[in-house]
Amino acid sequence: KDLYLSGGVYLGGTGAANKLDDYEEGTFTPEVADASSGGNTATGTFTGSYTKIGRLVIAEISLININTSGMTGTNDLYIRNMPFTNSSTSQGIVSFNFVTNSGAVTAYMTNSTSAFRLGEQLNNAARDMITVDQISSGTSDILVTLIYLD
């Protein structure tokens, strides 16, 4: 039998911090760009879906056949238009085809943004962000699972 609680439910106590009253599922269209705002954008088949439970956002992003024509090659690659603004720095899991890289790649989303970049985790070195020219235009595919707080 289904149970519907329109006012929320308390988990582990009765204080406001224990009340779960926000659950949402939806879709969004990610945008691939060469700047955190403005700049040039890529074309391709870009889809996103999310589940939001309280402040926790779980997003699945699919970027297929990324065409970077007209973008600035030396700029960092940004994935924008996430469904909620991040309230803390987060990292996510990345899988890809036809992206030139030198180390393990993770999705890296900084505080107070609704965009993320792809960071290469190099051995004994600072994180290095994937740039537009590391994408094989028209053939690169990137799949990301990103968990963050709104």
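Keep in mind that what you see is a predicted model, and the values were worked out from it rather than measured.

Scoring rules and cut-offs
- Residues numbered from 1 in each chain as written.
- Predicted model: local features only at pLDDT ≥ 70, side-chain atom pairs only at ≥ 80, totals over all residues.
- Heavy atoms only, no water.
- Core = buried A, V, L, I, M, F, W, Y, C linked by side-chain atoms within 4.5 Å.
- Buried < 20%, exposed > 50% of the residue type's maximum accessible area, 1.4 Å probe, protein only.
- Helix = DSSP H or I, 4+ residues; strand = E, 2+ residues; numbered from the N terminus.
- Contact = heavy atoms within 4.5 Å.
- Patch = residues over 30% accessible without salt bridge, like charges linked within 9 Å, V, L, I, M, F, W, Y side chains within 5 Å.
- Areas by Shrake-Rupley, 256 points an atom, 1.4 Å probe, with all protein chains shown as cover.
- Salt bridge = Lys/Arg side-chain N within 4 Å of Asp/Glu carboxyl O.
- Phe/Tyr/Trp six-rings, centres within 6.5 Å; stacked < 30°, edge-to-face > 60°.
- Lys NZ or Arg CZ within 6 Å of the ring centre and 35° of its normal.

Within the largest apolar cluster, 29 residues are counted, with the highest numbers of intra-cluster contacts made by Val32, Ile61, Leu77, Met82, Phe116, Leu118 and Ile142. Only β5 (43-53), β6 (56-67), β9 (104-109), β10 (116-121) and β12 (140-149) provide two or more residues apiece to this core. The biggest single contributor to this core is β6, with five residues. If near-sequence neighbours (up to four positions away) are discounted, methionine 82 is found in contact with Phe28, Ala59, Ile61, Met109, Ser114, Ala115, Phe116, Leu146 and Tyr148.

This brings us to unusual backbone geometry. Even without glycine at this site, asparagine 65 takes up a positive phi of about 55°. The topology assignment puts asparagine 65 in strand β6. Residue classification places asparagine 65 among the partly exposed positions, given a relative accessible area of 40%. Its identity is not glycine, yet asparagine 81 carries a phi of approximately 75°, on the positive side. Its location among the elements puts asparagine 81 in the loop between β7 (78-80) and β8 (90-97). On the accessibility criterion, asparagine 81 (42% relative accessible area) is partly exposed.

All right, on to a nonpolar patch on the surface then. Judged by side-chain polarity, Tyr23, Ile53, Leu56, Ile147 and Leu149 come together as a nonpolar surface patch covering roughly 420 Å² of accessible area. As for its position among the elements, leucine 56 is in strand β6. Overall, leucine 56 belongs to the partly exposed group, its relative accessible area being 33%.

A word on the packing of aromatic side chains. Within this structure, the stated rule accounts for two aromatic pairs. Taking 6.4 Å as the distance between ring centres and 45° as the angle between the ring planes, the aromatic pair formed by phenylalanine 28 and tyrosine 50 counts as tilted. Pair noted here: phenylalanine 28 is in strand β3 (residues 23-28) and tyrosine 50 is in strand β5, with a separation of 22 residues, a long-range link. With a relative accessible area of 11%, phenylalanine 28 lands in the buried category. By the ring-pair criterion, three or more aromatic residues cluster together here, those being Phe28, Tyr50 and Phe84. Over the ring of phenylalanine 84 we find lysine 52; its NZ or CZ atom is 5.3 Å from the centre of that ring.

Distances and angles like these do not, on their own, reveal function.
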